[in-house]
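Breakdown of the fold
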Amino acid sequence: MPELFHRKLERSAIGFVLAIIAAASVGGIVEIAPLFTIDETVEEAPDMRVYTPLELAGRNIYVREGCYACHSQMIRTLRDEVERYGPYSRAVESQYDRPMLWGSKRTGPDLARVGGKYSDFWHVAHLINPRDVVPESNMPAYAFLARTELRTNDLGEHLAAQQALGVPYTDEMVANAARDAYGQAFPDSEAASGVSERYGEATSVSAFDGVATRLTEMDALVAYLQVLGRLTDAAFRDTAATEQAPDAED
Amino acid sequence: MIGRLTSTERQYAAVVLSLLVVAGIAMAALGRNDALGVHGVLVILFAGGLLYAVLSAFFEPEPREDREASYYDDPIKAGIVLSMAWAVFGMFMGVWVAAQLAWPSLAFDAAWSTFGRLRPTHTSGVIFGFGGNALIATSFHVVQRTSRARLAGQFSPWFVLFGFNLFCVLAVSGYLLGVTQSKEYAEAEWYADLWLVIVWITYLVLFLRTIARRREPHIYVANWYFMAFIVVVAILHIVNNLAVPISWGHAKSYTIWPGVQDAMVQWWYGHNAVAFFLTAGFLGMLYYYLPVRAQRPIFSYRLSILSFWGITFFYMWAGSHHLHYTALPHWVQTLGMTFSVMLLVPSWASAGNALLTLNGAWHRVRDDATLRFMMAAAVFYGLSTFEGSFMAIRPVNALSHYTDWTVGHVHAGALGWVALITFGSLYTLVPALWKRERMYSARLVEVHFWLAIAGTLIYVFAMWNSGIIQGLMWRTYTEDGALAYSFVDSLVAMYPYYIARAFGGLLFLIGALICSYNIWMTVRSVPLAERRDSDVPAAVAVPGE
C-alpha cells in the first residue's frame with residue numbers, strides 16, 4: 001500500500017517537491033523557532049555592554065581573516081575546558097555577536113576569555129610574528145595589520161546597521177563612532193573621555209599597538225582580543241557544576 | 001556552441017549579459033572605496049567576456065537541427081571541464097593550506113595568503129566549484145536520459161552553469177580580498193548570495209520543466225535526489241544568509257541571526273549542506289551511473305524509498321550535534337544527537353543498496369577501475385556515515401569536537417565518498433558524452449584509483465591519530481589533579497600528522513591532475529564513426545497513439 005502511494009507520488013514533480021519541502025522543514029522549525037520564544041535560551045545580563053567601535057572594527061578584522069577557522073570562542077561545560085580556559089561560555093555573552101564566532105576547530109587555543117590574559121604588548125608581538133613569542137606556533141604572521149591604517153569613515157554605518165538589527169547602540173554612539181575609535185586608541189587625546197562616557201569606565205583606553213601616532217588595524221584587533229570574555233561577568237555568577245569528561249581520570 | 005542557439009535565445013543571452021554588465025558597473029561605482037568595487041570590475045569582465053562571445057556569433061545562421069531528436073549536451077560538456085578546473089584549483093589550495101599548518105612560513109608574510117583566507121578558497125573551491133559543477137553537469141545528463149526528454153530550453157542551462165560559476169568566482173576571490181561572512185561553507189557575502197538565489201531558482205525551474213517533459217510515467221530515483229538537492233539547498237542558503245549590508249557601497253553585511261540563534265541556524269545550514277549538497281546530489285549520481293556501469297538494476301526499490309525519505313526528514317534535525325556542551329540549550333543538543341544516530345538507518349540503506357546492486361558484477365569491479373571508484377565511494381559513504389552518527393553521540397563528541405578527528409571525518413566523506421563517486425561518474429560520462437568508445441587510457445584510470453585511495457587513507461589515518469591524541473591530551477590530568485599538558489604541548493604533537501596529511505592530499509591532487517589529462521586526451525581523440533541511435537530522446541507521442 002505505501003509502495004502504491006509512492007508510485008503515485010512519483011508521477012508528479014510538483015507533488016514530489018512539495019513532499020520534500022514538507023519533510024525537510026520540520027526539523028529546522030522545531031529546533032530553531034523556540035530559541036526565539038523560550039526565555040531561558042539567553043540568560044539575563046544587565047551589565048552586558050556593546051562592543052565599542054574600535055572593538056567592533058577589530059572583530060570585523062577577526063572575521064575577515066577567518067580566525068574562527070583555528071580558534072573557538074566557546075568554552076564547553078567540561079571540567080578540563082573550564083580549568084584550562086575559564087568559566088564555560090553563556091549564550092548571553094554572544095547575544096550581540098553577528099556572526100557568532102564559536103568556531104568548530106582548535107588548531108590554536110580557545111579565545112572566549114583571552115581578554116586581559118596577556119598584555120597589549122604581548123599580543124602585538126605575537127601577531128607580528130607568533131614564533132617570536134611561542135616558538136612552536138604554526139599561526140600565520142599578521143605583521144601587515146600593523147602596517148595597515150584602520151578605516152574609520154564607515155564605522156557609523158556599521159553601528160547603524162547593528163542598531164537596526166536590535167543591538168542597543170544609542171544614536172549618540174552611532175554619531176561618534178569614528179571619534180570614539182580614535183579616542184580609545186589615543187588615551188591622551190580629547191576624544192578619549194567620550195569613550196568611557198558612552199561605553200563605561202571599565203572600557204580599556206590604550207595605545208594598543210604601542211604607537212600613539214597612527215590608528216592601525218593592529219590597534220583594533222588587539223582592542224577586540226582584550227575585551228573577549230569581559231563584556232559581562234554573567235559567566236562568573238551562578239555557575240553550575242561542570243561535567244566530567246566521560247573517561248577522564250581524577 | 002552559440003551557433004546552436006536560435007536568434008531569440010542569442011537575444012536573451014545578450015540582454016541578460018548586458019544587464020549583468022550594468023550591475024557590475026553599479027557595483028564598481030557604488031563600491032569604489034571598498035572591495036565591492038573590485039567585484040564590480042570582476043562582474044564586468046565576466047559578463048563582458050561572455051557578451052563578446054555571444055555578440056561575435058550573433059549573426060551566424062539559425063540552427064536547422066531538429067531539437068527534439070537529440071539531447072542537449074553542450075552545457076554538460078562545459079560543466080565537466082569547469083568541474084575539473086575547480087577540482088585542480090581547490091585541491092591545490094587544500095594541499096597548500098595543509099602544508100601551511102606544518103610550515104607556517106608558506107604564507108609569505110602577505111595578507112591574502114594567510115591560512116584563514118586560503119582555507120575557504122579550498123572549501124568553496126572543492127565543494128561548490130568541483131562538486132557543484134559536477135552536480136549541475138550530471139543532473140543535466142541524468143534528467144534527460146531518465147526522462148527520455150531533452151532539457152527544457154537552451155538558454156537557461158547556460159545561465160545556470162555560468163551564473164553558478166560567477167558565484168564561485170565572486171566567493172573565492174572575495175576571501176582573498178578579505179570579503180567573508182565567516183559562516184562556515186556560507187562565507188560569500190550578500191550580493192553573491194543574492195545572485196546565487198536567482199541562479200538556483202532558475203535551476204529548479206529548468207529541472208522541473210524538464211521532468212514535466214518526461215516520456216516515462218515515473219520520476220526515476222536519481223531525480224528524487226537531485227530535486228531534494230536543489231530545493232533544500234535553496235531553503236538552507238536563503239535562511240542562513242539573511243543579512244543586512246551596512247550600505248549599498250559595502251561588501252560587508254551583518255547577519256540577522258544573533259549569537260546562539262546564529263549558531264543553531266549556521267549548523268542547521270552547515271550540516272545540511274553536507275546532507276543535501278554533498279550527499280543527496282551525489283546519491284543522485286550514484287543511483288544512475290553505478291547501475292549503468294555495472295549493467296545491473298538497482299537492488300531494491302523499497303530500500304531506495306526508505307533511504308530517500310529517511311535522509312530528507314532526519315538530516316534536518318541533526319545540525320545541533322555540532323554544538324554539544326555549548327551554550328545552546330540542552331534539549332536541542334539531545335534532539336540533534338538522537339536524529340544523528342537514527343540517520344544511520346537511511347544512510348546504510350543507501351550504501352547497502354549500492355553494494356548489493358554490485359552483487360553479480362564483482363568481476364567487473366575487479367577489472368574496471370571506473371566501477372571500482374563507485375564501489376569504493378559506496379564503502380566510504382557507509383563508513384563515514386557510521387563515523388558521523390558515532391561522533392554525534394555526546395560523550396564521543398566531548399573528545400572529538402574541536403580536534404582534527406572532525407577534519408578527518410569530513411575528508412573521509414569528501415574524498416572517499418564525494419570525490420570518488422564523481423570520478424567514477426565522470427569516467428562513465430565522458431566517453432558517452434563525446435561519443436568515444438572508452439577513456440583515452442584505462443591504465444591512467446587505474447593509477448588514479450590507487451592514488452585516490454592511498455591519498456584518502458593516509459589523510460584519514462593521520463587525522464584520526466592527531467585528533468584523538470589532541471583530544472586526550474587536552475583532558476589528561478596529573479596525579480595531583482592538574483592538567484598534564486599545555487595547549488602548545490598538544491600542538492607540537494600534531495606536526496608529524498600535519499606533514500602526513502599534506503602528503504595524502506598531494507597524492508589525491510596528483511590523481512585529479514591525471515584525471516584531467518585523461519579526460520582532455522579522450523576529448524581530443526577521434527570520435528566513433530557511427531552515431532549511437534539509442535542515445536536519443538523518445539519520439540514525441542503521436543496523439544491517439
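Being a predicted model, the structure only gives us computed values, none of them experimental.

Here we take up the domain arrangement of chain B. All names here are of chain B. When the domains of chain B are assigned, the result is domain 1 (1–59) and domain 2 (74–107 + 124–431). Every contact between the two is made by 20 residues of domain 1 and, on the other side, 21 residues of domain 2. Interface of domain 1 and domain 2: buried area, both sides summed, is about 1,900 Å²; carbon and sulfur atoms make up 74% of it. When the buried surface of domain 1 facing domain 2 is broken down by residue, Met1, His39 and Phe46 rank first, second and third, together holding 29% of it. Between the two partners, domain 1 and domain 2, sit 1 salt bridge.

Below, the discussion takes up helix H8 (residues 259–294) of chain B. All names here are of chain B. Given a rise of 1.5 Å per residue, 36 residues ought to cover 52 Å, and the 49 Å separating the end C-alpha atoms of H8 matches this to within 8%. If you look at H8, its biggest bend is around 30°, right at Asn272. In terms of residue burial, H8 counts as a mostly covered element, since 33 of its 36 residues are buried. Downstream of H8 by a residue or two, Gln295 has a phi angle that is positive, lying close to 55°.

A few words now on the domain arrangement of chain A. Looking at the assigned domains, one finds that chain A contains domain 1 (2–41) and domain 2 (53–245). Of note, the centres of domain 1 of chain A and domain 2 of chain A, computed from C-alpha atoms alone, are 40 Å apart.

This brings us to the nonpolar core. Trp200(B), Phe229(B), Phe277(B) and Phe423(B) are the most contacted members of the largest nonpolar core, which has 192 residues in total. A per-element tally of this core places H8(B) first, with 22 residues. Setting aside anything within four residues of it in sequence, one finds Trp200(B) in contact with Phe164(B), Phe229(B), Ile230(B), Val233(B), Ala234(B) and Phe277(B). In terms of nonpolar packing, the next biggest core, distinct from the first, is built from 53 residues, Leu165(A), Tyr169(A), Leu228(A) and Leu231(A) among them.

As a further point, take a nonpolar patch on the surface. Taken together, the side chains of Val26(A), Val30(A), Ile38(A) and Trp331(B) define a hydrophobic patch exposed on the protein surface, amounting to about 260 Å² of accessible area. Relative to the assigned elements, Trp331(B) resides in helix H10 (residues 330–342).

About the criteria used
Residues numbered from 1 in each chain as written. Chains lettered and ligands numbered in written order. Predicted model: local features only at pLDDT ≥ 70, side-chain atom pairs only at ≥ 80, totals over all residues. Heavy atoms only, no water. Domains from an automatic or database assignment. Contact = heavy atoms within 4.5 Å. Buried area = accessible area lost by both parts, 1.4 Å probe. Salt bridge = Lys/Arg side-chain N within 4 Å of Asp/Glu carboxyl O. Helix = DSSP H or I, 4+ residues; strand = E, 2+ residues; numbered from the N terminus. Expected span 1.5 Å × (residues − 1). Bend = angle between axes of the 7 residues up to and from the residue. Buried < 20%, exposed > 50% of the residue type's maximum accessible area, 1.4 Å probe, protein only. Core = buried A, V, L, I, M, F, W, Y, C linked by side-chain atoms within 4.5 Å. Patch = residues over 30% accessible without salt bridge, like charges linked within 9 Å, V, L, I, M, F, W, Y side chains within 5 Å. Areas by Shrake-Rupley, 256 points an atom, 1.4 Å probe, with all protein chains shown as cover.

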